[in-house]
Amino acid sequence: MRRVFLCSLMFALAAFGAVAARGQEVTPAEKERALLYLETTKSGVLQATKGLSAAQWNFKPAPDRWSVAQVMEHIAAAEDFIREMVKEKVMLAPAEPGRDVKKIDEAVMAMMPDRSHKAQAPEPLVPTNRFGSPEGALKHFVESRGTTEDYLKSTAGLRDHAVDSPLGMKLDGYEFVLLIAAHRERHTKQINEVKADPNFPKN
């Protein structure tokens, strides 16, 4: 009897520990906020690249700066890259208890779009014309964004795991989804900077 009681107690404590290790689940309001951010930043990319001619797509403000076409390719490639990293690394990482998720959510949305801090693209995301054309990159981005939105809608436990990020803090799966959207906002600003160059082709 004593052994049965101890086994039951150990099972209960283990179950409690498993629950305690889990992070809070993404709330409906948080999910809606992220979906809106994903949609808004997709619209921003589409608007910034609408109706561009070949000359406008390929104009480079300087030899060491990207054209709109190169930025678009980077955007499309990064959508896949970050989402797959969430699936393959973040969601398999251990829990990170005690994180102020509200504060970190806000930090992601404030820091990533800030163009006053420059960053070097990692080698897998450097433009190589992998989609064949700017239009091909744009099409891939739209399709990939749909996959990201579906992933957010259907995936549980996005708050349960966290890993280091380029922002210098640990992010959970939900925050990496916010980062995907914020990354697009950042590079939409870059596209608009290229278009604002005085030598940008008129047509």
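Residues numbered from 1 in each chain as written. Predicted model: local features only at pLDDT ≥ 70, side-chain atom pairs only at ≥ 80, totals over all residues. Heavy atoms only, no water.

1. Regarding the side chain of D105
No. 1: Here D105 shows up in helix 5 (residues 101-111).
No. 2: Judged by relative accessible area, which is 2%, D105 ranks as buried.
No. 3: Those residues in contact with D105, other than ones at most four positions away along the chain, are E30, R33, R159, Y174, E175 and L178. (Helix = DSSP H or I, 4+ residues; strand = E, 2+ residues; numbered from the N terminus. Buried < 20%, exposed > 50% of the residue type's maximum accessible area, 1.4 Å probe, protein only. Contact = heavy atoms within 4.5 Å.)

2. Comments concerning helix 6 (residues 134-154)
No. 1: Between its first and last C-alpha atoms helix 6 spans 30 Å; for 21 residues at 1.5 Å apiece the expected length is 30 Å, and the two agree.
No. 2: Looking at helix 6, one finds that the buried residues are P134, A137, L138, F141, S144, R145, T148, E149, Y151 and L152. The arc that holds the buried residues of helix 6, viewed along the axis, is 155°, so those residues lie on one side. For helix 6, the exposed residues set more than 90 degrees away from the buried face come down to K139 and S154.
No. 3: In this fold, the buried residues of helix 6 make contact with helix 2 (28-49), helix 3 (54-58), helix 4 (68-88) and helix 7 (173-195). (Expected span 1.5 Å × (residues − 1). Arc of directions from axis to C-beta.)

3. Some details on the environment of R83
No. 1: If you trace the backbone, R83 turns up in helix 4.
No. 2: R83 gets classed as buried once you look at its relative accessible area, which sits at 7%.
No. 3: Note: C-alpha distance between R83 and V177 (94 residues apart in sequence) is 7.4 Å.
No. 4: Beyond its immediate stretch of four places on either side in the chain, R83 contacts S144, T147, T148, Y151 and I180.
No. 5: Side chain to side chain, R83 and D80 meet in a polar contact 3.2 Å long. (Polar contact = N/O pair within 3.5 Å; in protein donor to acceptor, adjacent residues only side chain to side chain.)

4. Here's the deal with the packing of helix 2 against helix 5
No. 1: With their axes 14 Å apart at the nearest point, helix 2 and helix 5 run at an angle of 5° to one another. Classified by the interaxial angle, the pair formed by helix 2 and helix 5 is roughly parallel. Between helix 2, through E30, R33 and Y37, and helix 5, the contact on the second element is made entirely by K102, D105, E106 and M109.
No. 2: For the contact of helix 2 with helix 5, the residue count by class is two nonpolar, no polar and five charged. (Axes fitted to C-alpha atoms, helices over the stretch in contact; angles between N-to-C directions. Parallel < 35°, antiparallel > 145°, perpendicular 65-115°, else oblique. Nonpolar A, V, L, I, M, F, W, Y, C, P; charged D, E, K, R; others polar.)

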